[in-house]
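These are the residues of each chain, in order.
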2 protein chains.
Amino acid sequence: MDMNQAQTLKGFRDFLPNVARKREYILNTLKKVFISYGFEPLETPTLEYEEILTGKYGDEGDKLMYRFVDNGGRKVAMRYDQTVPLARVVAQYANDLPLPFKRYQIQNVFRAENTQKGRYREFLQVDIDTVGSQSPLADAEIIQIILKCYESLGFKKIKMLINDRRNFDGISNSAIVSIDKLKKIGPDGVANELVEKGYNDNDARKLLDSLIKAPPSGKVAEVIDLVTNAGFDKSKIEFSPTLARGLDYYTGLIFEVEAEDYPYGSLGGGGRYDNLLGIFSGKEIPAVGFAVGFDRTYEAMEELGLFPTDLIKTQALVTNTNPAASEIANQLRNKGFLVELYVDDKDLEKQLKYADKKGIPYVLIFKDGKIFLKDMKSGNQKEVSEGSLPDELRR
Amino acid sequence: MDMNQAQTLKGFRDFLPNVARKREYILNTLKKVFISYGFEPLETPTLEYEEILTGKYGDEGDKLMYRFVDNGGRKVAMRYDQTVPLARVVAQYANDLPLPFKRYQIQNVFRAENTQKGRYREFLQVDIDTVGSQSPLADAEIIQIILKCYESLGFKKIKMLINDRRNFDGISNSAIVSIDKLKKIGPDGVANELVEKGYNDNDARKLLDSLIKAPPSGKVAEVIDLVTNAGFDKSKIEFSPTLARGLDYYTGLIFEVEAEDYPYGSLGGGGRYDNLLGIFSGKEIPAVGFAVGFDRTYEAMEELGLFPTDLIKTQALVTNTNPAASEIANQLRNKGFLVELYVDDKDLEKQLKYADKKGIPYVLIFKDGKIFLKDMKSGNQKEVSEGSLPDELRR
């Protein structure tokens with residue numbers, strides 16, 4: 001790279017204000033729901049001892065992990081997910097964290113993924129987990145929270161798919177991966193893949209058929225009941241007998257959330273994993289959790305037009321055309337308005353162009369001892385008194 | 001390190017819920033003020049090409065920077081501050097960012113500092129900068145925002161110190177560093193240091209004296225006027241003729257904020273730096289900004305007892321003692337309450353202990369077909385109807 005060339009690393013992103021603002025809107029909406037269910041924030045460091053992270057994500061994980069030796073000769077690694085750090089926290093602060101521990105965690109993770117597949121190397125993970133309970137109430141609560149999150153974001157056709165990972169007991173991981181693709185490639189596609197993996201065609205179709213026709217397990221039925229009894233619409237939750245979720249650390253129920261009007265894959269997923277969080281504690285710590293697919297959710301919201309048009313942003317530009325401009329701007333702020341003062345030179349045309357380019361809807365202009373409020377959309381401007389300004393802006 | 005031992009790297013921190021919640025409170029308060037002045041969010045990646053960052057922070061910076069070679073053989077470095085990335089952004093997206101560009105940025109930075117001095121290796125920076133204007137209005141606005149921030153956080157005795165870095169023209173950087181310590185070590189201390197640095201005692205005292213007695217520069221006086229004319233109390237802003245700020249990249253006014261009732265140093269600082277942001281653009285881009293000392297501000301708030309006692313946290317625990325518990329919890333949430341449902345087993349004593357340990361003030365108990373609300377502080381419990389619950393909790 002040319003040292004004087006300003007560019008980001010491949011797979012890494014800048015978020016300019018218009019995007020950063022939308023990301024923040026999603027996060028604030030999600031956090032409000034998490035908090036309303038008593039979930040609490042947790043943050044862990046970006047760097048951990050390498051030994052904490054390696055060997056926890058399979059060979060693929062160790063390969064994609066950002067690892068290096070720091071200035072003090074320590075082997076360190078960058079956050080790869082938020083579950084292993086959670087396992088560390090649960091062990092390290094066992095005495096300070098009464099169980100069940102319900103936490104949300106919203107931090108970036110780092111994976112040296114192939115960027116040609118459109119993957120990012122730094123991306124935000126939004127996780128909620130309930131640690132320390134085997135009760136199906138915990139599973140049901142996670143489902144409720146996620147449904148509530150997407151409802152709060154404005155999704156109209158959201159659905160939670162649910163299955164029991166134990167339905168696949170006795171089936172190889174490699175076959176499970178194929179079965180999981182049923183929706184994408186259809187029964188023939190799955191059968192073909194299974195045949196490639198050593199099944200004869202008849203057995204493959206029988207296996208698939210038996211899975212599809214199986215009734216929900218007792219646990220699935222129980223959790224669906226718990227969610228609906230808690231006041232959620234039954235149509236929002238659907239038994240999906242071939243849903244498998246790739247990760248083989250799930251030990252019970254698994255979930256995936258999708259929007260029927262956004263047919264590009266699930267928006268997030270999770271499930272019960274009772275054998276993972278104890279790795280540093282030396283005892284079994286049951287857990288159930290969910291990871292919101294943040295980038296996917298953002299894309300879906302763009303696609304479906306779910307971002308509010310009045311996302312918190314500057315409501316008025318006060319032009320630098322009068323010595324009292326600063327004071328008037330502050331008075332409006334004290335009344336709760338979001339107001340920018342143009343701080344550079346006094347040329348009015350330049351200031352109007354600035355407001356236009358930034359999409360600021362109203363501009364305050366001082367001229368001949370009078371105040372004018374200009375509506376940038378219509379181009380109209382009218383004289384206003386200082387006292388009537390708040391009311392005028394509220395319109 | 002023993003692989004099975006759960007611990008964080010030295011200089012890195014976990015933030016458990018009670019701390020994370022307070023950090024979030026500070027950030028939300030600051031962001032509200034930033035937004036009210038039309039400042040916009042910006043995020044940049046954790047990793048940059050090494051060449052973007054090296055050579056920008058002096059030898060010390062290059063030494064403390066976390067740098068490594070990634071899996072693809074690229075030399076990369078971890079965010080060291082938010083100013084150099086801002087310079088990159090301003091060059092890279094010149095066409096998309098109308099100037100003046102006012103942005104806030106709140107991300108972690110990484111420095112391999114000596115942890116024995118109580119320094120952290122990963123810490124949050126909270127920066128605001130106005131890019132692309134030389135107007136003193138921009139300086140005055142930054143000062144207003146910071147005063148407003150600390151006022152919003154509840155600080156009663158906040159003061160902004162201000163000086164003009166150009167007052168030190170012709171004085172060596174090494175001497176400036178000593179003069180900057182006047183408040184800490186007194187005039188004799190400064191004179192002694194200057195003598196050690198080659199001044200004769202008489203010259204040292206004369207220099208210090210002339211600085212102390214100098215009137216505010218025209219720029220300082222102008223900006224103080226602008227801030228007071230904008231509605232801020234004159235007592236909140238004070239000319240400090242020996243204030244220097246260590247960094248030699250400042251080119252004009254410099255500021256430092258301190259709380260008179262927290263005598264452990266400044267809570268943040270900033271100033272005008274007109275020669276830095278153009279490094280990737282090849283042209284001069286004036287700027288003025290401020291960095292809130294986040295950890296210091298947090299400590300001061302703890303010390304001064306400024307965190308609200310009712311910081312957003314769970315208001316009631318609904319015990320798992322009735323099948324309708326989930327539904328009732330959801331009804332309360334729909335009315336805006338923050339409610340946790342106990343999801344584990346049904347033992348009531350255990351649930352009360354849990355509420356107590358987590359500091360949840362109210363507990364809902366179902367017994368013999370009745371609902372009881374227990375006040376955890378007084379220990380009193382009384383029967384309530386489902387309909388009266390919201391009103392009872394509001395009390």
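Keep in mind that what you see is a predicted model, and the values were worked out from it rather than measured. (Residues numbered from 1 in each chain as written. Chains lettered and ligands numbered in written order. Predicted model: local features only at pLDDT ≥ 70, side-chain atom pairs only at ≥ 80, totals over all residues. Heavy atoms only, no water.)

1. A closer look at the overall build of chain A
Looking only at helices and strands, chain A features 13 helices and 16 strands. With the C-alpha coordinates aligned to their principal axes, the bounding extent of chain A is approximately 85 × 55 × 45 Å. Out of the 395 residues belonging to chain A, those deemed buried represent 58%. Within chain A, residue pairs in contact and separated by at least 24 positions form 65% of the contacts whose partners lie at least 6 positions apart. Of the side-chain charges in chain A, 55 are positive and 59 negative, and the distance between the mean point of each set is 2 Å. (Helix = DSSP H or I, 4+ residues; strand = E, 2+ residues; numbered from the N terminus. Buried < 20%, exposed > 50% of the residue type's maximum accessible area, 1.4 Å probe, protein only. Contact = heavy atoms within 4.5 Å. Lys, Arg positive; Asp, Glu negative; His and termini not counted. Charge placed at Lys NZ, Arg CZ, Asp CG, Glu CD.)

2. A look at the domain arrangement of chain A
Domain boundaries assigned for chain A yield domain 1 (8-44 + 79-304) and domain 2 (316-394). The C-alpha centroid of domain 2 of chain A is placed 47 Å from the C-alpha centroid of domain 1 of chain A. (Domains from an automatic or database assignment.)

3. Things to note about the relation of the copies chain B and chain A
Superposing chain B onto chain A requires a rotation of 180 degrees together with a translation of 0.0 Å along the rotation axis, leaving an RMSD of 0.0 Å. Taken together, the turn and the small shift mark the pair as related by a two-fold rotation axis. Rotation axis and chain B: the residue whose C-alpha lies nearest the axis is Phe68(B), separated from it by 3.2 Å. A share of 100% of interface residues in chain B that are also interface residues in chain A marks the association as one of identical surfaces. (Least-squares fit on C-alpha atoms with pLDDT ≥ 70 in both.)

4. A short note on helix 12 (residues 348-358) of chain A
Residue and element names in this part refer to chain A. Among all positions in helix 12, only Gln351, Leu352, Tyr354, Ala355 and Lys358 are buried. All buried residues of helix 12 fall inside an arc of 155 degrees around its axis, so they share one side. The exposed set on the far side of helix 12, more than 90 degrees from its buried face, consists of Glu349, Lys353, Asp356 and Lys357. Count one or two residues on from helix 12 and you reach Gly359, which has phi positive near 70 degrees. (Arc of directions from axis to C-beta.)

5. A few points about unusual backbone geometry
Residues and elements named next belong to chain A. Each neighbour pair has its own omega, and for Leu99 with Pro100 the value is -5 degrees, a cis peptide bond. Relative to the helices and strands, Pro100 is located in the loop between helix 4 (83-92) and strand 5 (101-110). Of note, the phi angle at Asp368 is positive, near 50 degrees, even though the residue is not glycine. With respect to the helices and strands, the residue Asp368 is situated in the loop between strand 14 (362-367) and strand 15 (370-375). Residue Asp368 is classed as exposed on the basis of its relative accessible area, which comes to 69%.

6. Some points on the confidence of the model for chain A
Low pLDDT means the predicted coordinates in that region are not meant to be read closely. Residue-level pLDDT values for chain A average 93, and 98% of them are 70 or greater. Per the prediction output, this complex has pTM 0.94; the corresponding ipTM is 0.93. (pLDDT = per-residue confidence, 0-100.)

7. Structural notes on the packing of helix 1 (residues 17-36) of chain B against helix 5 (residues 136-152) of chain B
Residues and elements named next belong to chain B. In the contact formed by helix 1 and helix 5, the axes pass within 9 Å of each other and the chain directions differ by 140 degrees. Compared by their axis directions, helix 1 and helix 5 come out oblique. Helix 1 and helix 5 meet at a crossing whose hand is right-handed. In this structure, helix 1 uses Tyr25, Thr29, Leu30, Val33 and Phe34 to contact helix 5, whose residues at the interface are Ile145, Lys148, Cys149 and Ser152. (Axes fitted to C-alpha atoms, helices over the stretch in contact; angles between N-to-C directions. Parallel < 35°, antiparallel > 145°, perpendicular 65-115°, else oblique. Left-handed = near helix turned anticlockwise from the far one by under 90°.)

8. Focus on helix 4 of chain A
Residue and element names in this part refer to chain A. Within helix 4, eight of the ten residues are buried, which leaves it mostly tucked inside the rest of the structure. Residues Thr83, Val84, Pro85, Leu86, Ala87, Arg88, Val89 and Val90 constitute the buried set of helix 4. Those residues of helix 4 that are buried are in contact with strand 2 (47-49), helix 2 (50-53), strand 5 and strand 6 (122-131).

9. Looking at the interface of chain B and chain A
Taken residue by residue, the interface counts 98 residues in chain B and 98 residues in chain A. At the boundary of chain B with chain A, the tally comes to 38 residue pairs in polar contact (both at pLDDT 80 or more). Of all the elements, helix 1 of chain B adds the most residues to the side of chain B that touches chain A, at eight residues. For the side of chain B that touches chain A, the class distribution of residues is 47 nonpolar, 23 polar and 28 charged. (Polar contact = N/O pair within 3.5 Å; in protein donor to acceptor, adjacent residues only side chain to side chain. Nonpolar A, V, L, I, M, F, W, Y, C, P; charged D, E, K, R; others polar.)

10. Quick look at the sheet that holds strand 15 (residues 370-375) of chain B
All names here are of chain B. Spatial ordering of the open sheet is given by 13-12-14-15-16, a layout of five strands whose pairing is mixed. Each having just a single partner strand, strand 13 (339-341) and strand 16 (381-384) make up the two edges of the open sheet. Averaged over all neighbouring strand pairs, the angle between strand axes comes to 30 degrees, with direction disregarded. (Pairing = 2+ DSSP bridges.)

11. Overview of the nonpolar core
Leu47(A), Met78(A), Leu47(B) and Met78(B) are the most contacted members of the largest nonpolar core, which has 78 residues in total. Excluding residues that lie within four positions of it along the chain, Leu47(B) makes contacts with Leu9(A), Phe12(A), Tyr66(A), Met78(A), Glu122(A), Phe68(B), Val76(B), Ala77(B) and Met78(B). (Core = buried A, V, L, I, M, F, W, Y, C linked by side-chain atoms within 4.5 Å.)

12. Considering the pattern of salt bridges
Evaluation of the coordinates by the stated rule reveals 68 salt bridges over all chains. Taking the shortest distance from any N to any O, the salt bridge between Glu238(A) and Lys159(A) comes out at 2.9 Å. Note that Glu238(A) is positioned in strand 8 (residues 237-239) and Lys159(A) in strand 7 (residues 158-164), a separation of 79 residues in sequence. Here Lys159(A) falls in the buried class, since its relative accessible area comes to 14%. In this structure, the salt-bridge partner of Glu193(A) is Lys181(A), at a minimum N-O distance of 2.9 Å. In this pair, Glu193(A) sits in helix 7 (residues 182-196) while Lys181(A) sits in the loop between helix 6 (173-179) and helix 7, placing the two residues twelve residues apart along the sequence. On the accessibility criterion, Glu193(A) (18% relative accessible area) is buried. Residue Lys181(A) is classed as partly exposed on the basis of its relative accessible area, which comes to 30%. Salt bridges here are not isolated pairs; linked through shared partners, they connect Arg21(A), Arg333(A), Glu340(A), Lys358(A), Glu40(B), Lys102(B) and Glu141(B). (Salt bridge = Lys/Arg side-chain N within 4 Å of Asp/Glu carboxyl O.)

13. Remarks on the packing of aromatic side chains
By the definition in use, this model includes 23 aromatic pairs over all chains. Both rings, one in Tyr150(A) and one in Phe155(A), keep their centres 5.2 Å apart while their planes meet at 70 degrees; by these two values the pair is edge-to-face. The exposure class of Tyr150(A) is buried, given its relative accessible area of 0%. A network of ring pairs unites the aromatic residues Phe12(A), Tyr66(A), Phe68(A), Phe12(B), Tyr66(B) and Phe68(B) as a single cluster. Above the plane of the ring of Tyr80(B) lies Arg111(B), whose end atom (NZ or CZ) is 4.3 Å from the centre. It is Arg333(B) that lies over the ring of Tyr37(A); its NZ or CZ is 3.6 Å from the centre. (Phe/Tyr/Trp six-rings, centres within 6.5 Å; stacked < 30°, edge-to-face > 60°. Lys NZ or Arg CZ within 6 Å of the ring centre and 35° of its normal.)

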